[in-house]
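Close look at the chain arrangement
Below, each chain spelled out in residue letters.
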Amino acid sequence: MSAALDPVFHDKPAHRALEVEAIGVTKRFGPFVALDNVSLKIRRGTVHALLGENGAGKSTFVKCLLGYYKSDEGDFVVEGREATIARPADADALGMGMVYQHFTLVPSMTASENLVMSRSNVPGIIDWKAERRQLFNFLKNMPFLVPMDVPVGELAAGERQKTEILKQLYLNRRLIVLDEPTSTLTPQEAAEVLGLVRSLVEMGDITVVIITHKLKEVAAYADDVTVLRKGKFAGSGSAKELGPEELTAMMIGEPHAPKPVERLGGPDAEERLAIRNLKTEGELGRFGLSIDKLVVRPREIVGVAGVSGNGQKDLVEVLGGQRSPASGDVLVSGAPYHGGRDEARRLGVRVLPEEPLRNASVPKMSVVANMNLRRFDHDEKGPRRWLDLKGMNERALGMIQSYGVRTPSPEAPIAALSGGNVQRATLAREFDGEVDLLVISNPCFGLDVKAVAEVRARIVAARNAGTAVLLLSEDLDEVMELSDRIVVMHHGEIVHETPGPGADALDIGRHMVGHG
Amino acid sequence: MTIAMSSEAASKATAQPKQPAGDWGYPFRRLLEQLLVPVAALLIAATGFAIFLVFLGTSPLDFASLVWRGAFGSWFSFQNTLQRAAPLLLTALCVALPAQLGLVVIGGEGAVVLGGLAAAVIGASLSALFPPLVILAMAVSGALVGAFWIGLTGWLRAYRGINETIASLLLAYIALAVFNHLVEGPLRDPASLNKPSTLPIGEANMLGSLPGMNIHPGLVLGLVACIGFWIVIQRTSFGFAWRVTGGNLRTALLQGLPANRLIVIACALGGACAGLAGMIEVAAVHGSANASLAAGYGYAGILIAFLARQSPLGAIPMAILLGGISAAGGLVQRRLGLPDATVLVLQGFIFVSILASETIYGRFRWFQPRGTA
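As the structure is a prediction and not an experimental result, all values here were calculated from the model. (Residues numbered from 1 in each chain as written. Chains lettered and ligands numbered in written order. Predicted model: local features only at pLDDT ≥ 70, side-chain atom pairs only at ≥ 80, totals over all residues. Heavy atoms only, no water.)

Attention now moves to the overall build of chain B. In terms of regular secondary structure, chain B is built from 14 helices and zero strands. Reading chain B from its N end, one meets helices and strands in the order α-α-α-α-α-α-α-α-α-α-α-α-α-α. Taking the intrachain contacts of chain B between residues at least 6 apart in sequence as the baseline, contacts between residues at least 24 apart amount to 78%. Accessible surface, chain B as shown: approximately 16,900 Å² in total, 68% of it carbon and sulfur. Distance from the positive charge centre (20 side chains) to the negative charge centre (12 side chains) of chain B: 11 Å. (Helix = DSSP H or I, 4+ residues; strand = E, 2+ residues; numbered from the N terminus. Contact = heavy atoms within 4.5 Å. Areas by Shrake-Rupley, 256 points an atom, 1.4 Å probe, with all protein chains shown as cover. Lys, Arg positive; Asp, Glu negative; His and termini not counted. Charge placed at Lys NZ, Arg CZ, Asp CG, Glu CD.)

Next comes the structure, spelled out in structure tokens:
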């Protein structure tokens with residue numbers, strides 16, 4: 001990095017990775033102990049993986065480390081000195097920062113603006129010309145690029161996540177916490193980002209704490225790994241020496257991860273979903289959808305692989321009735337489909353987009369209300385004018401029970417639930433009743449190992465019961481694991497199709513980036 | 001872990017739902033929060049206003065006792081309060097109903113004057129008919145015109161993406177201009193000299209008072225409308241669809257709810273209420289449409305709806321509170337020698353305090369759901 005030429009960096013010391021040790025850190029919320037006497041050492045210039053289920057205390061731990069929470073007991077020793085980290089500014093002064101799982105960029109501002117504004121020493125009047133020049137110099141050294149002059153809100157999830165990582169690097173952090181950094185990335189991007197992180201670490205520039213559920217990433221990129229379970233330290237060691245079985249056992253306290261459910265029976269002949277010559281208008285000069293033919297049959301999972309932002313969102317919106325196609329047909333069981341409520345009920349169509357809290361729930365309404373979004377106006381006995389409050393409550397309690405949704409009260413607003421539980425709640429709702437066609441997008445985004453296995457098993461079970469499933473996922477492993485047939489989307493078009501079993505990941509990856 | 005995979009297993013689990021251990025006190029605490037926060041806000045507003053009065057050299061206690069006497073202290077003053085609250089109940093619904101879908105509609109005044117005008121014109125032209133029929137025709141025409149006017153705002157919002165707040169406000173100005181033009185021009189009663197008015201609807205067609213009281217039946221209509229719409233919102237699938245649409249538009253569309261149509265309908269129903277308020281002012285108070293109709297009921301309705309946090313039920317006490325404050329205005333003016341606008345200052349304190357209290361909801365852990373999340 002051209003530090004001498006670069007005023008952003010030149011007032012800071014030649015940076016060196018940090019070393020941090022946590023000693024007996026405890027954090028309580030009321031009577032609930034979120035973090036119980038956790039000690040661990042993050043060695044200088046290493047990638048330290050933090051593993052654990054949702055609610056295991058990983059987030060609480062890093063929030064204590066970064067000053068968002070004040071730990072009740074215990075100390076952090078940074079660079080051999082006891083550090084008082086009472087607020088985020090303290091962590092910032094020590095050179096520690098975090099990339100969140102939830103995006104923290106200002107959606108209406110461009111990536112350049114977001115980066116510049118995130119600095120703590122932004123001058124009152126910004127010389128954009130100079131800032132741009134510096135940014136350009138900075139970006140030259142980056143092994144990946146994002147569109148810098150488009151409002152961040154218009155970027156796809158993957159691009160936004162990359163911008164977040166870029167921001168931390170731009171802020172010259174010496175210890176970076178990455179909270180599930182690759183959950184939105186393609187294998188190539190993930191390898192690229194983690195490879196970049198790895199190389200920066202090896203240069204001695206940064207120490208990285210990575211919160212992840214992907215054991216493969218731990219094996220490939222981490223030096224050390226610490227496992228938390230229910231707020232307690234469950235084990236640690238060298239990432240090279242601990243195998244997936246041992247790690248899984250530490251995480252869930254059981255020797256084996258749940259077995260994946262097998263796909264049984266072949267696809268039926270019927271064309272449950274048939275998309276023909278579908279086109280949509282692209283927004284703001286971006287490409288729209290252009291799908292000549294896409295068919296999903298009963299007892300079949302068609303996985304749509306692709307880099308995020310290649311039209312998957314548009315396709316889900318068209319199928320969900322949120323976007324009108326410019327031309328072409330969407331047929332469900334032979335009948336034209338537009339996404340109306342009666343149509344969806346009659347044809348058994350369920351669409352579940354990614355980020356269910358944002359896209360498929362009403363955050364302020366209760367868990368009970370949210371679980372009844374499909375059925376409040378039409379139950380087993382037909383259309384309803386008056387709400388059946390008792391029936392709704394019972395239906396929701398049944399779902400809470402059978403899907404193991406953890407909620408403080410059925411009346412609590414669904415926004416109070418954790419990500420995994422929101423996903424369970426929406427899945428319970430969408431799987432309720434006769435489902436003939438399921439369109440599901442990134443179903444496991446941000447879920448822990450156990451929840452992922454459970455969600456995938458439910459999707460496969462639905463398929464085995466005769467549902468046609470269109471699965472859109474940015475996680476290629478997921479697509480490969482679940483799909484009977486895989487199609488690849490690139491720039492709004494289906495560019496490649498291959499049978500699921502025995503598909504070649506690298507070949508698919510090449511089509512994903514448009515080099516078929 | 002258990003994965004209830006087979007449909008039999010799932011239905012078995014559904015068949016005997018056990019109540020999961022959880023926080024069963026939460027709904028009660030939520031209700032308590034919804035009551036305590038506005039009460040606290042009102043106390044703070046009263047304190048602020050008391051300090052203001054001390055600066056004016058007036059005793060806050062004298063003021064409070066006068067307001068009490070002027071608004072609620074006697075049956076006579078309470079009737080005055082209720083009389084003033086009646087149109088406010090209806091205009092508050094013009095804000096509260098679209099608010100269920102996340103819309104901020106502030107142009108109720110337009111629907112009030114046009115609804116009142118339509119009612120006056122219909123009433124005057126049918127005045128020879130059987131009075132109840134005339135009143136019904138007036139009510140229907142007032143409601144329809146109001147529904148059209150605010151429905152137009154909803155249509156612009158739903159199908160043309162135009163901000164409903166600005167659209168409704170500007171449409172209210174247009175409505176006032178049209179109203180003035182018609183009342184002072186083509187529809188003017190030549191006999192109305194100092195105060196241009198439309199032709200009178202006739203004494204026989206006026207709404208009388210409720211039996212044994214000096215209150216017009218508009219109060220009953222307002223109360224019925226508030227309670228009725230509260231039931232619609234809380235207990236019908238139609239109202240549930242409104243709440244879903246207001247809570248998350250994407251989700252509503254995904255669930256196939258006709259969100260755009262719901263927006264237009266909610267706005268039209270709100271407008272119908274405001275139009276009815278105008279009709280009642282004509283049929284119960286003025287006897288014709290004139291400038292007195294534009295007395296700011298539409299704007300006061302915004303205040304009440306926000307004070308009531310957009311709950312039709314909450315609008316009832318808030319309308320009575322504000323009706324009372326304005327009923328006491330005259331007494332305060334005479335006895336304490338304070339200007340008429342003093343009660344507006346009090347309203348302002350209340351409004352700001354209640355709006356600021358919005359940010360308090362969810363801040364106190366005690367009210368929140370507990371346990372696993």
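Now that the structure has been shown, we can carry on.
This part is about the interface of chain A and chain B. Facing the 53 residues of chain A at the interface are 40 residues of chain B. Of the roughly 3,900 Å² buried between chain A and chain B on both sides combined, carbon and sulfur atoms contribute 64%. On the surface where chain A and chain B come into contact, there are one salt bridge. Notably, a salt bridge pairs Arg 30 of chain B with Glu 411 of chain A, separated by 3.5 Å at the nearest N-O pair. The interface formed by chain A and chain B holds 14 residue pairs in polar contact (both at pLDDT 80 or more) in total. Those elements that place two or more of their residues in the side of chain A that touches chain B are α12 (356-359), α14 (389-402), α15 (419-430) and α16 (449-464) of chain A. With eight residues, the top contributor of residues to the side of chain A that touches chain B is α14 of chain A. In the side of chain A that touches chain B, the residues fall into 25 nonpolar, 13 polar and 15 charged. (Buried area = accessible area lost by both parts, 1.4 Å probe. Salt bridge = Lys/Arg side-chain N within 4 Å of Asp/Glu carboxyl O. Polar contact = N/O pair within 3.5 Å; in protein donor to acceptor, adjacent residues only side chain to side chain. Nonpolar A, V, L, I, M, F, W, Y, C, P; charged D, E, K, R; others polar.)

Attention now moves to the pattern of salt bridges. This model, assessed by the stated rule, comprises 35 salt bridges over all chains. Among the charged side chains, a network of salt bridges with common partners joins Arg 341, Asp 342, Arg 345 and Asp 377 of chain A.

Its place among the elements puts Arg 375 of chain A in the loop between α13 (367-371) and β17 (378-379). In contact with Arg 375 of chain A, other than residues within four places in its own chain, are Arg 341, Glu 380, Arg 395 and Asp 432 of chain A.

What follows deals with the domain arrangement of chain A. Once the domains are mapped, chain A shows domain 1 (13-252) and domain 2 (273-512). Between domain 1 of chain A and domain 2 of chain A, the C-alpha centre-to-centre distance is 31 Å. (Domains from an automatic or database assignment.)

Our next topic: the packing of aromatic side chains. Considering all chains together, one arrives at 14 aromatic pairs over all chains under this definition. Measuring from ring centre to ring centre gives 6.2 Å for Trp 155 of chain B and Tyr 159 of chain B, while their planes differ by 35°; the resulting arrangement is tilted. Of this pair, Trp 155 of chain B and Tyr 159 of chain B are both found in helix α6 (residues 131-160), four residues apart, which corresponds to roughly one turn of the helix. The class for Tyr 159 of chain B is partly exposed, based on a relative accessible area of 38%. Taken together, Phe 49, Phe 52, Phe 63 and Phe 349 of chain B form an aromatic cluster joined through their ring pairs. In this arrangement the basic side chain of Arg 458 of chain A is found over the ring face of Tyr 403 of chain A, its NZ or CZ atom lying 3.6 Å from the centre. The ring of Tyr 361 of chain B has Arg 309 of chain B sitting right over it, with the charged end atom 3.5 Å from the ring centre. (Phe/Tyr/Trp six-rings, centres within 6.5 Å; stacked < 30°, edge-to-face > 60°. Buried < 20%, exposed > 50% of the residue type's maximum accessible area, 1.4 Å probe, protein only. Lys NZ or Arg CZ within 6 Å of the ring centre and 35° of its normal.)

Sheet strands pair via backbone hydrogen bonds, and the direction of the pair is either parallel or antiparallel. All names here are of chain A. Taken in spatial order, the four strands make up an open sheet running β12-β11-β14-β15, and their pairing is antiparallel. At either margin of the open sheet sits one strand with a lone partner, and together these are β12 (290-296) and β15 (335-336). Of the strand pairs in this sheet, strand β11 (residues 273-279) and strand β14 (residues 327-332) are connected by five bridges, and their pairing is antiparallel. Bridge assignment links Arg 276 to a residue of β14, and that residue is Asp 329. Across the sheet, helix α10 (residues 312-319) lies against β11, β12 and β14, angled at about 115° from β11, the strand it touches most. (Pairing = 2+ DSSP bridges. Axes fitted to C-alpha atoms, helices over the stretch in contact; angles between N-to-C directions.)

Further remarks concern the sheet that holds strand β6 (residues 96-99) of chain A. Residue and element names in this part refer to chain A. The six strands lie next to each other as β6-β7-β8-β3-β9-β10, forming an open sheet whose pairing is mixed. This sheet does not close on itself; its edge strands, each paired only once, are β6 and β10 (232-238). The mean angle between the axes of side-by-side strands here comes to 20°, regardless of whether they run parallel or antiparallel.

Evaluated as defined, the whole model comprises zero disulfides over all chains. Not engaged in a disulfide, the cysteine Cys 94 of chain B finds its nearest cysteine sulfur in Cys 273 of chain B; these two sulfurs lie 7.6 Å apart. (Disulfide = S-S within 2.5 Å.)

Residue and element names in this part refer to chain B. Two elements in contact, helix α2 (residues 26-56) and helix α14 (residues 342-357), have axes separated by 8 Å at closest approach and are oriented at 140°. As summarised for this structure, α2 and α14 are arranged oblique, according to the angle between their axes. Pair α2 / α14 crosses with right-handed handedness. When α2 is examined against α14, the residues Val 37, Pro 38, Ala 41, Leu 42, Ile 44, Ala 45, Gly 48, Phe 49, Phe 52 and Leu 53 are found in contact with a partner set consisting of Thr 342, Val 345, Leu 346, Phe 349, Ile 350, Ser 353, Ile 354 and Ser 357. (Parallel < 35°, antiparallel > 145°, perpendicular 65-115°, else oblique. Left-handed = near helix turned anticlockwise from the far one by under 90°.)

Our focus in this paragraph is the pairing of strand β20 (residues 468-473) of chain A. Residues and elements named next belong to chain A. Summarising burial for β20: six of the six residues are buried, a large majority. The side-chain alternation of β20 yields two buried faces, one formed by Ala 468, Leu 470 and Leu 472 and the other by Val 469, Leu 471 and Ser 473. Pairing geometry for strand β13 (residues 300-305) and β20, over six bridges, is parallel. Bridged to Ile 301 within β20 is Val 469. As paired strands, strand β19 (residues 437-441) and β20 are joined by five bridges and run parallel to one another. Of the residues in β20, the one forming a bridge with Ile 440 is Leu 471.

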